[in-house]
Amino acid sequence: QVRLIESGGGLVQAGGSLSLSCVASGRTATMGWFRQAPGKEREFVASIGGFGRNTYYTHSVEGRFTVSRDNAKNTLYLQMNNLKPEDSAVYYCAASFAYSDVLINEYPYDAWGQGTQVTVSS
């Protein structure tokens, strides 16, 4: 079973930046980032295909967030710029072992990290 460990969360002022990382203990295919704010359901943020060529973002983060991966290091990244208070949430990385293209729904993902807290103050 591949394990995923996120890091890089924290507290930042609105307009600031944070970079999240997710290290996998083994090889993965498609990976994604999701987030869950208090009292809300977990939602899709971004996904990247297994070879890193295809990416997809939820509309609210387009132009501000960038998802990338380094397969040699089994690591997924999420660069978050121009952060807004509504970006505050626990961010989770997820990995699929069977799909190579972007995935926006939760069910195809096979493994999940424990989450890292991102808090954006106004």
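Above this text sits the structure in question.
Source: prediction; values computed, not measured. Positions within a chain are numbered from 1, following the residues in the order the chain's sequence is written. Side-chain atom pairs in this predicted model are given and counted only at pLDDT of 80 or more, local residue features only at pLDDT of at least 70, and totals for whole chains, interfaces and linings cover all residues. Water and hydrogen atoms were dropped before computing side-chain values, which therefore reflect all heavy atoms in the structure.

Draft legend 1. View of the overall build of the protein. Secondary structure follows DSSP: runs of H or I at least 4 residues long count as helices, runs of E at least 2 residues long count as strands, and numbering of each begins at the N terminus. If you tally the helices and strands in the protein, you get zero helices and eleven strands. Element order for the protein, N to C, with α for helix and β for strand: β-β-β-β-β-β-β-β-β-β-β. Note that the radius of gyration is over C-alpha atoms, with the globule rule given as 2.2 Å times the number of residues to the power 0.38. Taking 14 Å as the expected radius of gyration for a compact globule of 122 residues, we find that the protein reaches 13 Å, a close match to that expectation. C-alpha extents for the protein along the principal axes are approximately 40 × 25 × 25 Å. Each residue is placed in one exposure class: buried if its accessible area under a 1.4 Å probe, protein chains only, is under 20% of its type's maximum, exposed if it is over 50%, and partly exposed if it falls in between. Taken across its 122 residues, the protein has 46% of its residues classed as buried. Pairs at least 24 apart in sequence give 59% of the contacts found in the protein among residues at least 6 apart. Carbon and sulfur atoms make up 47% of the accessible area of the protein, which amounts to about 6,400 Å² in all. Only four residue types enter the tally: Lys and Arg on the positive side, Asp and Glu on the negative side; His and the chain ends are excluded. Taken as the charge centre is NZ of Lys, CZ of Arg, CG of Asp or CD of Glu, depending on the residue. Across the protein, the 10 positively charged side chains and the 10 negatively charged ones have centroids separated by 6 Å. Note on definitions: a residue-residue contact is assigned when non-hydrogen atoms from the two residues lie within 4.5 Å. Calculation of accessible area relied on Shrake-Rupley with a 1.4 Å probe; when residues are assessed, cover is drawn exclusively from the protein chains displayed.

Draft legend 2. Structural detail: the sheet that holds strand β3 (residues 18-24). A pair of strands is labelled paired if DSSP reports no fewer than 2 bridges between them. Spatially, four strands are ordered β1-β3-β8-β7 in an open sheet, and the strand pairing comes out antiparallel. Each having just a single partner strand, β1 (4-7) and β7 (65-70) make up the two edges of the open sheet. Shown here is a sheet whose adjacent strand axes are inclined to one another by a mean of 15°, direction ignored. Strand direction decides the pairing type here: β7 and strand β8 (residues 75-80), joined by six bridges, are antiparallel. Directly across from Arg-69, in β8, lies its bridge partner Leu-76. Interaxial angles span 0 to 180 degrees and are taken between N-to-C directions of axes, which are lines fitted to C-alpha atoms, for helices over the stretch in contact.

Draft legend 3. Molecular detail of the environment of Gly-115. Assignment of secondary structure puts Gly-115 in the loop between β10 (111-112) and β11 (116-121). Gly-115 sits 26 residues away from Ala-89 along the chain, and the two C-alpha atoms are 9.5 Å apart. Setting aside residues up to four positions removed in sequence, Gly-115 forms contacts with Glu-6, Val-90, Tyr-91 and Tyr-92.

Draft legend 4. Representation of the pattern of salt bridges. Any Lys or Arg side-chain nitrogen found within 4 Å of a carboxyl oxygen on Asp or Glu counts as a salt bridge. One pass over the full model with this rule turns up four salt bridges. One salt bridge in this structure joins Glu-43 and Arg-35, with 2.7 Å as the shortest N-O distance. For the salt bridge of Glu-106 with Arg-42, the shortest nitrogen-to-oxygen distance reads 3.0 Å. Within this pair, whereas Glu-106 is found in the loop between β9 (89-95) and β10, its partner Arg-42 is found in the loop between β4 (31-36) and β5 (43-48), the two being separated by 64 residues in sequence. One salt-bridge network, held together by shared partners, links Arg-35, Glu-43, Arg-64 and Asp-87.

So yeah, pure geometry; function would need other evidence.
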